[in-house]
Amino acid sequence: MREKWYVAAKKADFEGWARKFHISPVVARILRNRGITQEDQAERFLYGELRDCHSPWLLKDMDRAVELICAALQEGISIRVIGDYDVDGICSSYILTRALVLLGARADTAIPHRIHDGYGLNDNLIEQARRDGVGMVVTCDNGIAAASQIALAVSYGIKVIVTDHHEVPFETGPQGRRELLPPALAVVDPKQERCTYPFPDICGGVVAYKLAQALGERTGNEALREALEEFLEFAALATVCDVMELWDENRILVKEGLKRLKHTKNPGLKALMEVNSIEPDKLSAYHLGFVIGPCLNATGRLDTAERALELLSASTRVEAMSAARELKELNDSRKNLTQKGVALAEEAIARRHMEQDKVMVVYLPKVHESLAGIIAGRIREHYNHPVFILTKGEDEVKGSGRSMEGYHMYEAMTAVAQYFSKFGGHAMAAGLSMREADIESLRRELNARCELGEEDFIPRVHIDVPMPMEYADEALADDIALLEPFGVGNPKPLFAQKDLVFRSAFRMGANGNSARFRVRTPGGEERQLVFFGNVEEFDQFLEEKFGPGSGDALYGGRGNFPVSVVYQVGKNTYKGRCELQYVMKYYC
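Everything quoted here is computed from the prediction, not taken from an experiment.

Draft legend 1. Focus on the overall build of the chain. Of regular secondary structure, the chain possesses 20 helices and 20 strands. A globule of 588 residues ought to have a C-alpha radius of gyration of about 25 Å, and the chain, at 25 Å, matches this closely. Overall, the chain is about 80 × 55 × 55 Å in size when its C-alpha atoms are taken along their principal axes. Within the chain, counting contacts between residues at least 6 apart in sequence, those at least 24 apart form 66% of the total. Total accessible area on the chain stands at roughly 26,100 Å², and carbon and sulfur atoms take up 48% of it.

Draft legend 2. Broad picture of the pairing of strand S3 (residues 107-110). Inspection of the sheet shows strand S2 (residues 79-82) paired to S3 by four bridges, in the parallel sense. The residue of S3 that forms the bridge with Arg 80 is Asp 108. Handedness of the crossover is the feature at issue here: the chain leaves S2, passes through helix H5 (residues 87-102), returns alongside S3, and the resulting connection is right-handed.

Draft legend 3. Expanded view of helix H1 (residues 14-21). Those residues of H1 that fall on the buried side of the exposure criterion are Phe 14, Gly 16, Trp 17, Ala 18 and Phe 21. Buried-residue contacts for H1 involve helix H2 (25-33) and helix H3 (39-47). Looking one or two residues past H1, His 22 carries a phi angle of roughly 60°, positive in sign.

Draft legend 4. Just the side chain of Ser 550, in detail. Considering the arrangement of structural elements, one finds Ser 550 in helix H20 (residues 550-555). Given a relative accessible area of 3%, Ser 550 falls into the buried group. For Ser 550, the contacting residues outside a window of four places in its chain are Leu 542, Glu 543 and Phe 561.

Draft legend 5. Examining the nonpolar core more closely. One finds Met 136, Phe 231, Leu 237, Ile 292 and Leu 296 to be the most contacted residues of the largest nonpolar core, which totals 86 residues. At 12 residues, helix H9 (residues 222-241) tops the list of elements feeding residues into this core. For Leu 237, the contacting residues outside a window of four places in its chain are Val 87, Cys 91, Leu 269, Leu 288, Ile 292 and Leu 296. Core analysis: the next-biggest nonpolar cluster, separate from the first, contains 44 residues, Ala 42, Met 467, Met 469 and Tyr 587 among them.

Draft legend 6. Representation of the packing of helix H8 (residues 204-219) against H9 in the model. At a minimum axis distance of 8 Å, the contact between H8 and H9 shows a crossing angle of 170°. As far as their axial angle goes, H9 and H8 are roughly antiparallel. Along its contact with H8, which presents Gly 205, Val 206, Tyr 209, Ala 212, Gln 213, Leu 215 and Gly 216, the element H9 presents Leu 224, Arg 225, Leu 228, Phe 231, Leu 232, Ala 235, Ala 238 and Thr 239. Grouping the constituent residues of the contact of H8 with H9 by class yields 10 nonpolar, four polar and one charged.

Draft legend 7. Region of interest: the sheet that holds strand S5 (residues 159-163). Taking strand neighbours across the sheet as the criterion, the five strands line up as S3-S2-S4-S5-S8 in an open arrangement whose pairing is parallel. Strands with a single pairing partner mark the edges of an open sheet, and in this sheet they are S3 and strand S8 (186-188). Going from strand to strand, the sheet's axes swing by 20° on average, the running direction of each strand aside. Here four bridges tie S2 to strand S4 (residues 136-140), and the two strands are oriented parallel to one another.

Draft legend 8. Fine view of the packing of aromatic side chains. Using the criterion set out here, one finds 17 aromatic pairs in the structure. An angle of 50° between the planes, with centres 5.1 Å apart, marks the rings of Phe 517 and Phe 538 as tilted. Of this pair, Phe 517 sits in strand S17 (residues 514-520) while Phe 538 sits in helix H19 (residues 535-546), and the two are 21 residues apart along the sequence. Here Phe 517 matches Phe 538 in class, with each residue buried.

Draft legend 9. Highlighting the state of the cysteines. Within this structure, the stated rule accounts for zero disulfides. No disulfide involves Cys 91; its sulfur sits 6.9 Å from the nearest other cysteine sulfur, which is in Cys 241. By relative accessible area, which is 0% here, Cys 91 ends up buried. Here Cys 295 stays free of any disulfide, with the sulfur of Cys 241 as its closest cysteine sulfur at 10 Å. A residue is classified by how much of its surface remains accessible, and Cys 295, at 1% relative accessible area, is buried.

Draft legend 10. Quick peek at the pattern of salt bridges. In the structure shown here, the tally under the stated rule is 39 salt bridges. One salt bridge connects Lys 259 with Glu 256, and the closest N-O pair in it is separated by 3.2 Å. With Lys 259 and Glu 256 both in helix H10 (residues 248-261) and three residues apart, the pair spans about one turn of that helix. Residue classification places Glu 256 among the buried positions, given a relative accessible area of 9%.

Draft legend 11. Fine view of the side chain of Ser 93. With respect to the helices and strands, Ser 93 occurs in helix H5. Here Gly 89 takes part through its backbone oxygen, which lies 2.7 Å from a polar atom of the side chain of Ser 93.

Draft legend 12. Structural detail: the environment of Glu 39. Turning to its location among the elements, Glu 39 is positioned in helix H3. Among the residues examined, Glu 39 registers a relative accessible area of 37% and is labelled partly exposed. Between the C-alpha atom of Glu 39 and that of Met 62, which follows or precedes it by 23 residues, the distance is 32 Å. Leaving out residues up to four positions away in the same chain, Glu 39 has contacts with Trp 17, Lys 20 and Phe 21.

Draft legend 13. Here's a closer look at helix H7 (residues 147-155). Within the sequence span of H7, burial applies to Gln 149, Ile 150 and Ala 153. The arc that holds the buried residues of H7, viewed along the axis, is 95°, so those residues lie on one side. Against the buried residues of H7 lie helix H6 (123-131) and S5. In the stretch just after H7, Gly 157 is the one whose phi turns positive, near 85°.

Definitions and limits used
Residues numbered from 1 in each chain as written. Predicted model: local features only at pLDDT ≥ 70, side-chain atom pairs only at ≥ 80, totals over all residues. Heavy atoms only, no water. Helix = DSSP H or I, 4+ residues; strand = E, 2+ residues; numbered from the N terminus. Rg over C-alpha atoms; globule rule 2.2 N^0.38 Å. Contact = heavy atoms within 4.5 Å. Areas by Shrake-Rupley, 256 points an atom, 1.4 Å probe, with all protein chains shown as cover. Pairing = 2+ DSSP bridges. Right-handed = clockwise from strand over helix to strand, strands pointing away. Buried < 20%, exposed > 50% of the residue type's maximum accessible area, 1.4 Å probe, protein only. Core = buried A, V, L, I, M, F, W, Y, C linked by side-chain atoms within 4.5 Å. Axes fitted to C-alpha atoms, helices over the stretch in contact; angles between N-to-C directions. Parallel < 35°, antiparallel > 145°, perpendicular 65-115°, else oblique. Nonpolar A, V, L, I, M, F, W, Y, C, P; charged D, E, K, R; others polar. Phe/Tyr/Trp six-rings, centres within 6.5 Å; stacked < 30°, edge-to-face > 60°. Disulfide = S-S within 2.5 Å. Salt bridge = Lys/Arg side-chain N within 4 Å of Asp/Glu carboxyl O. Polar contact = N/O pair within 3.5 Å; in protein donor to acceptor, adjacent residues only side chain to side chain. Arc of directions from axis to C-beta.

Here it is as structure tokens:
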């Protein structure tokens, strides 16, 4: 599938911003491309600090939640934190439980088992809390869609506080859209209509961090206020792993969290870095999202997330290393199972001609239900369509969805809610349970209602600046580093140049799955360009564009092939050497 390239053409005083903020005009233009229009926004983006984050008291019901928890502390009632089995749920559970314990509470944690319990609150967890004499339940990263379970807890005299970040369930009637809030004593969720929090796109871990911050301010507890430094590390980890946009305070929290993670005192996080051969001083958002996060996630996918919580709570290096090795092994096993699941999904799509579907609904009864979300993400990346991967659970079908720009997945599901026994999520991702007999009906109705057109399914590449490679020097690479951390909402900048002449190439990597090219610019200079994409696909592109034998000629050093390229520039450190690196991302 070929991409459609777009060049950003937003206007601003790039030279003025460059002088004011001591950056290049190119970086000033990139800031404008990120939607920044005011100088104070630019300054906050480049140099924002923790003090620039929003007050936790701006979250609706935060004052009520703090008041209730403080009363529970005085009464000495038992408090149970109920989280979720993904990284966001694990991190928010750790933050809240540790905060409560530091305040002197009798607090523990319950994380649902993916297979036996499913996502979030359920009747079994409430019944267990009643049997254990729990007086208060505080949810994190879930609860907003658990009205019946919270009503059950209330009937038992259990006080419930919900902290969540997912979309609030709603119904549409003659009077329009009406929110369906759970009957908790306090609901802290920035997605509520009546919540005026300035930046609602935070994850469950950040909501938990904000609650811990508010408790520290209200109680003046010094141990808790000191622990906020560690909690910031987990808020950053949760933000990246829950694929939140790295914008506004998310960007600041991740930037500051990464600084602290490089020197973390948490034995579990240190052990995870060690078993994955991550040098702490080189830690980046990439490592959080694609190395550390998946290890924590793997335990909730293939075993129980309580093991991940034990790792983060480990007090000794020996204990932490043992748990970290176990989690890494689980993640390696998960990778193999995921590859097989993706292959099965591709086979099912081809067999049933689902490439024609606007919304792909793929049923994989033999795939472990815990892998549905990862597989959905891979298939969405490949086809650039909204995707639901459904698997056979113990009692009913369970699934995960991953969406794309222009398709609000949660709202689309709400319109066909009759097919689900349970569902929740947000614009870009969702989870569900349903009857097997309804799968085909769901597929038909989702597609019938989908308003996306053919143009929407063509991947879009947004180029920041068309720029000769000669201009992308070390000084620019240093300036670009000011824009880190990169991720969703703040992608690494893309540049473009027409007619780079590819002269020679050689394969890199243990499996030869990447390549380095020697290219000549239109200005006559030679550069090295690396490519970590599909090398075979690029070779096929050369054969189609320049004729048979083109690939062999290039790898034989006899290339003379003009290709237009979208590239990134940065610095790469390898074996103590730091050098400028150009990375090819797209070509035509």
